Amino acid sequence: RRPAEAPGTAEAQGPRGKSKSSSPRQIPVIGVVTEDEDALGALKPMDLNSIIKLLEETAQDDLEEKQLKSVKTLVQYYQNGFLKILKPLRDLAQIFKILNLCAGKIENQPPFLEPAYNIIKLCGLPFLKKKVSDEITYAEDTAKSIALLGNLMKIPNSELRVQICKCIVDFYHTEPSKKHITGYQQASSAYKIQMAEVGGLAKTMVQSLALLENQLVEKLWVLKALQHLSTSEVNCTLMMKAYAASGICAHLNDPDPSGQLLFRSSEILWNLLEKSSKEEIIKQLSNLKCLLTLKEVFKHLFTRGFSDYDRQLRNDILVITTIISQNPEAPMVECGFTRDLILFATFNEVKSENPLVKGLKLSNSYEDFELKKLLFNILVILCKDLTTVQLLIDGKVVLALFTYVKKPEKHKIIEWSAAQYEELQLHALATLSSVAPLLIKEYMLCQGNARILAFLEWCESEECFFSHGNSFHGTGGRGNKFAHLRYTLRLLRAMIYLEDETVNQDLCEKGTIQQLIAGIFKYTTSKINDKEEAILLEIQSDILLILSALCENDNSRKEIFGTEGVDIVLHVIKTDPKKFQSGLGYTVLLFSTLDSIWCCILACYPLEDYFLEKEGIFLLLDLLALDQKKFCSLILAIMVEFCDNPKTPVHVNAWRGKKDQTAASLLIKLWRKEERELGVLRDKRGMIIDTRKPLFTSFQVEQKIIPMPANCPTFAVMDVAENIRAKIYAVLGKLDFENLPGLSTEDFVTLCIIHRYLDFKIGEIWNEIYEEMKLENLRPVTADRRVLQAILTASENVGKMVASLQYEMVEIQARQDVQDEQKVYAKIQATHKQRELANKSWENFLARTSNAKTLKKAKKLQEKAIESTRYGERPANAIFHQTDIKGLNTTVLSGRVVAVESTPARLVGGPLADTDIALKKLPVRGGALQRVKAVKPADDPKNVPT
């Protein structure tokens, strides 16, 4: 986000007057000198207790000299010419106790400053541990020891304070030792940082800032230490509790030639906002003193900062200000910061005589470009405070933002690159969506509607334009104008939703409805593809919402919407249902479409008739059959209104779904599903169980009745709006509850409940009134009590009557089921009997063909049967005609011709080839008998008269 280090350094003096560099740290010099190598082999123990005891004594004359000598010996022991390394962890508490004793003597005995300084310097070197568990074993002592560094900041000595800060900074730059000491290993690099967190060092360092009001060098070093400490969430929380944010912010504008103070302070504020409670930090910064400081710093950087570093710092300050401005209690207007920010946001587009911006101009550098976007962004936040409205008017914000709402002009030199201008254009449109609704008068004075419609016309034109689509606002708009179209429609929607008749009437007079339907919607439909599908669906949703807002409650505008608008609505409803689960905005588009049906078609009879002619009701019922709960309520509400049209019931009854399901059956099915979800008590056949509370849901059963004011709806009343049962009742009621096709007995059982829904609901409300009166210990007068009791009894009787009717229906159905079952069994029995007869006939047939006696017997029976059908006496003049064929070996009634389907005629010579009237002359062709037309049969019998 910014350079790692600010320009300039702070200088500090060592304890003996030597100049010390203010660099972040000094890496200890590690090298081998002429001492014996064995000296590096191990650390011999040192009697620290004797040094502590000596420092605590006060009676001896030459005590100070002895004490100084012992402390210097200690320092030399741990910092010799061979290796600079600190004492093991087990001795750390005693060493810091010695340090604390030395620090306590500095005020009266200045020579103790140097040993204290040297001991602190040792604290920046690595710690040693003998065992792996030492870090845990000595954690408490180590944390307390490191916390002591913060307390030592109270000593009024510049060199000592600077060395403490350097020591803390060195915690974050620990390097592994190049020398090894036998029996010891270096503690982990994060150990000191962790112990500083546990010991609360950050809190004491914040508190030490109050001691350094006019001491710049020490203050810079403390800020540097806090900058490192603030990289931890634990330390940031401690700093927050010490009110570091307000304390640091209030001194941002303190004199500092090096520039480090502002850089390090802003970095600490950033870390506090990111790593601690953001709300608490904003609260600490939301005071007049902090905001005045931020204002002056920002103004100075804006008008006097020319380097990249200054511009980056300026943008960081603006981001911090933006975060603070989200707090409605921040006195942004009172401190004058809001006015200045509005001026800085608009001076490039609107001429201003304010000396702050006179001669000032932004470049197309990255930092200035980011600044412009940040200023647009903070305008959106500032406008949420209504006290800012007048400042926005005075700053001509709407006019400044509208300078970007125009098509790019060719061959015109602008201060921004094409990609930058596009991003600013989109950002300006997004900002206008928040600002313009607050400034309607200024919007109309700027001809806002005309500008928007002209820009929309350019968006849908085929004019060549290559969009870069680099920014957040440009998502989905690379290589096209879809991003511009999206944000322009959002702006238009924001203005229309104000329901300001002046704005809406002006839009309609300018042909907005026709432009949206015939132009933009059809344009987006033709451009839909997989890549830009999401953004185009969002655009179409916005168009339909805009049309709904314009046409609602105005029939003249609905007529302008016309059949062309109905066609686009039908086009959307016909969308493949599978796409509603794709997550690309089809669900939102469908909601927008249903809303446009409600607002743009209903109550306009020509459009309703056209919608019905185009099978719109069928499409709505198809959507309802998808059983998507999120759509059901809105679709049913539309159908309730549509059923006022006398042509609608015919369409509803004519609809058929899957498995020939009717609309009435579908509605009743939805009712049953809704009651299951609500936990309404029903038996397995769907009948009423509790006749006193037939509509009660599980929530109403669990929730006790609570006395409520008369203007508050009760649970029974709210239940009407919270589920779809009332809408289903209304639709079926407009279908008259009679002659509903395609209903089963189960449907009729449920229909009994639906038919009495209103009676049950009225009884439910009277029951609530009665229960509330009992809870409030109210006794109605005798007449009222009788009436109330009669109402409750009547309501319960209705429930009993419905339950009785349901039971009767179930019984009739049960009897009908029994009858149907008996018919099925009779049919099965007849089938079995017929099979038995067929089997018996087959057995007789087999017997006749396999047994000659049986065949003869059957033949005699046949002839006897034939003879019994003839007259007993013949007339005297009658001519007898022989009707049977002699020599025929069959036992069935036969005529002149017998067709045998099982054997082809060409193989057997015809049906009568081997009878007494067979052909006298038969040719043989290939072994098969064939009929010859030239041969006449003998004794051809004559026809029998009829």
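Since this is a predicted model, take the numbers as computed values, not measurements.

Chemist: So, the overall build of the protein: which residues are in play, and what are the values?
Modeler: The helix and strand tally for the protein stands at 42 helices and six strands. Taking as baseline every contact in the protein between residues at least 6 positions apart, the subset at least 24 positions apart corresponds to 76%. Here the protein displays about 50,000 Å² of accessible surface, and carbon together with sulfur accounts for 53% of that area.

Chemist: Mind laying out helix 29 (residues 586–601), listing which residues take part and the relevant values?
Modeler: Between its terminal C-alpha atoms helix 29 stretches 21 Å, which fits the 22 Å expected from 16 residues at 1.5 Å a residue. A large share of helix 29 lies buried, amounting to 12 of its 16 residues. Count one or two residues on from helix 29 and you reach A603, which has phi positive near 75 degrees.

Chemist: Just give me the short version of the pattern of salt bridges, but keep the residues and values in it.
Modeler: If you walk through the whole model with that rule in mind, you get 34 salt bridges. We note a salt bridge from D506 to K510, for which the minimum N-O separation is 2.7 Å.

Chemist: Outline the nonpolar core, supporting the account with residue identities and numerical values.
Modeler: Residues M205, F561, I597, L624 and L732 are the most contacted members of the largest nonpolar core, which totals 225 residues. Here the element with the most residues in this core is helix 27 (residues 533–551); it accounts for 10 residues. Residue assignment places this core across two domains, with domain 1 (45–199) and domain 2 (698–820) each supplying three or more.

Chemist: Account for the side chain of R672, with residues named and values stated.
Modeler: Within the secondary structure, R672 is located in helix 34 (residues 663–678). The buried category is assigned to R672, whose relative accessible area is 18%. Contacts of R672, omitting those with residues within four sequence positions, involve E746, D747 and T750.

Chemist: Help me get a handle on the packing of aromatic side chains, residues and values and all.
Modeler: Inspection of every chain in the model, using the stated rule, returns 20 aromatic pairs. Measuring from centroid to centroid gives 6.5 Å for F482 and Y523, while their planes differ by 65 degrees, and the two rings are edge-to-face. On the criterion of sequence distance, the pair formed by F482 in helix 24 (residues 482–496) and Y523 in helix 26 (residues 512–527) is long-range, its members being 41 residues apart. In textbook terms, an aromatic cluster arises when at least three aromatic residues are bridged by ring pairs, as seen for F298, F302, F337, F344 and F347. In this structure, R490 is placed above the aromatic ring of Y487, and the distance from its NZ or CZ to the ring centre is 4.9 Å. Just above the ring of W671 sits the side chain of R725; from NZ or CZ to the centre is 5.9 Å.

Chemist: Report on helix 15 (residues 288–304), specifying residues and quantitative values.
Modeler: For helix 15, built from 17 residues, the straight-helix expectation of 24 Å at 1.5 Å per residue is met to within 8% by its first-to-last C-alpha distance of 24 Å. If you check which residues of helix 15 are buried, you get C290, L291, T293, L294, K295, V297, F298, K299, L301, F302 and T303. Near the N-terminus of helix 15, the side chain that reaches the backbone nitrogen of K289, with its oxygen 3.3 Å away, is that of N287.

Chemist: Which residues make up the packing of helix 28 (residues 555–573) against helix 30 (residues 605–613), and what values do they have?
Modeler: At a closest axis distance of 9 Å, the pairing of helix 28 and helix 30 adopts a crossing angle of 25 degrees. Accordingly, the angle class assigned to the pair helix 28 and helix 30 is roughly parallel. Helix 30 is crossed by helix 28, and the crossing has right-handed handedness. Here K558, F561, G562, T563, V566, D567, L570 and I573 of helix 28 come into contact with helix 30, specifically with L607, Y610 and F611. Across the contact of helix 28 with helix 30, the residue classes tally to seven nonpolar, two polar and two charged.

Chemist: Residue-level account of unusual backbone geometry, with values.
Modeler: Its identity is not glycine, yet D627 carries a phi of approximately 60 degrees, on the positive side. Its location among the elements puts D627 in the loop between helix 31 (616–625) and helix 32 (629–642). Look at N777: it is not a glycine, yet its phi comes out positive at around 55 degrees. Its place among the elements puts N777 in the loop between helix 39 (757–775) and helix 40 (782–850). For N777, a relative accessible area of 68% corresponds to the exposed category.

Chemist: Please give an account of the environment of K396 that cites residues and values.
Modeler: Within the secondary structure, K396 is located in the loop between helix 19 (389–394) and helix 20 (397–402). Expressed as a C-alpha distance, the spacing of K396 and L343, which sit 53 residues apart in the sequence, is 9.2 Å.

Chemist: Can you lay out a nonpolar patch on the surface for me, pointing to particular residues and giving the numbers?
Modeler: On the surface, L758, I762, W766 and I769 cluster together to form a nonpolar patch covering roughly 320 Å² of accessible area. Position of W766 among the secondary structure elements: in helix 39.

Chemist: I'd like to hear about the packing of helix 34 against helix 37 (residues 725–734), residue by residue, with values.
Modeler: Two elements in contact, helix 34 and helix 37, have axes whose closest approach is 10 Å; the angle formed by their N-to-C orientations is 160 degrees. With respect to helix 37, the element helix 34 is oriented roughly antiparallel. Pair helix 34 / helix 37 crosses with left-handed handedness. The segment helix 34 lies against helix 37, with A664, L667, I668, L670, W671, E674, E675 and L678 engaging R725, I728, V731 and L732. Its residues assigned to classes, the contact of helix 34 with helix 37 comprises nine nonpolar, no polar and three charged.

Chemist: Talk me through the side chain of T750; I want residue IDs and the actual numbers.
Modeler: If you trace the backbone, T750 turns up in helix 38 (residues 745–755). Residue classification places T750 among the buried positions, given a relative accessible area of 4%. Residues within four places of T750 in sequence aside, it is in contact with I668, W671 and R672.

Chemist: Give me the lowdown on the confidence of the model for the protein, citing residues and values where you can.
Modeler: Per-residue confidence for the protein gives a mean pLDDT of 82, with 80% of residues at or over 70. Counted against residues more than four places away or in other chains, residues 80–86, with its pLDDT under 50, gives 33 contacts.

Chemist: Please give an account of the state of the cysteines that cites residues and values.
Modeler: Tallying each qualifying case throughout the model produces zero disulfides. Residue C551 stays outside any disulfide, its sulfur separated by 4.0 Å from that of C600, the closest cysteine. What makes C551 buried here is its relative accessible area of 0%.

Chemist: Would you mind going over the environment of D595 in detail, with residue names and values included?
Modeler: Summarising the element assignment, D595 is placed in helix 29. You can call D595 partly exposed: its relative accessible area is 26%. Those residues in contact with D595, other than ones at most four positions away along the chain, are L545, S548 and L634.

Scoring rules and cut-offs
- Residues numbered from 1 in each chain as written.
- Predicted model: local features only at pLDDT ≥ 70, side-chain atom pairs only at ≥ 80, totals over all residues.
- Heavy atoms only, no water.
- Helix = DSSP H or I, 4+ residues; strand = E, 2+ residues; numbered from the N terminus.
- Contact = heavy atoms within 4.5 Å.
- Areas by Shrake-Rupley, 256 points an atom, 1.4 Å probe, with all protein chains shown as cover.
- Expected span 1.5 Å × (residues − 1).
- Buried < 20%, exposed > 50% of the residue type's maximum accessible area, 1.4 Å probe, protein only.
- Salt bridge = Lys/Arg side-chain N within 4 Å of Asp/Glu carboxyl O.
- Core = buried A, V, L, I, M, F, W, Y, C linked by side-chain atoms within 4.5 Å.
- Domains from an automatic or database assignment.
- Phe/Tyr/Trp six-rings, centres within 6.5 Å; stacked < 30°, edge-to-face > 60°.
- Lys NZ or Arg CZ within 6 Å of the ring centre and 35° of its normal.
- Polar contact = N/O pair within 3.5 Å; in protein donor to acceptor, adjacent residues only side chain to side chain.
- Axes fitted to C-alpha atoms, helices over the stretch in contact; angles between N-to-C directions.
- Parallel < 35°, antiparallel > 145°, perpendicular 65-115°, else oblique.
- Left-handed = near helix turned anticlockwise from the far one by under 90°.
- Nonpolar A, V, L, I, M, F, W, Y, C, P; charged D, E, K, R; others polar.
- Patch = residues over 30% accessible without salt bridge, like charges linked within 9 Å, V, L, I, M, F, W, Y side chains within 5 Å.
- pLDDT = per-residue confidence, 0-100.
- Disulfide = S-S within 2.5 Å.

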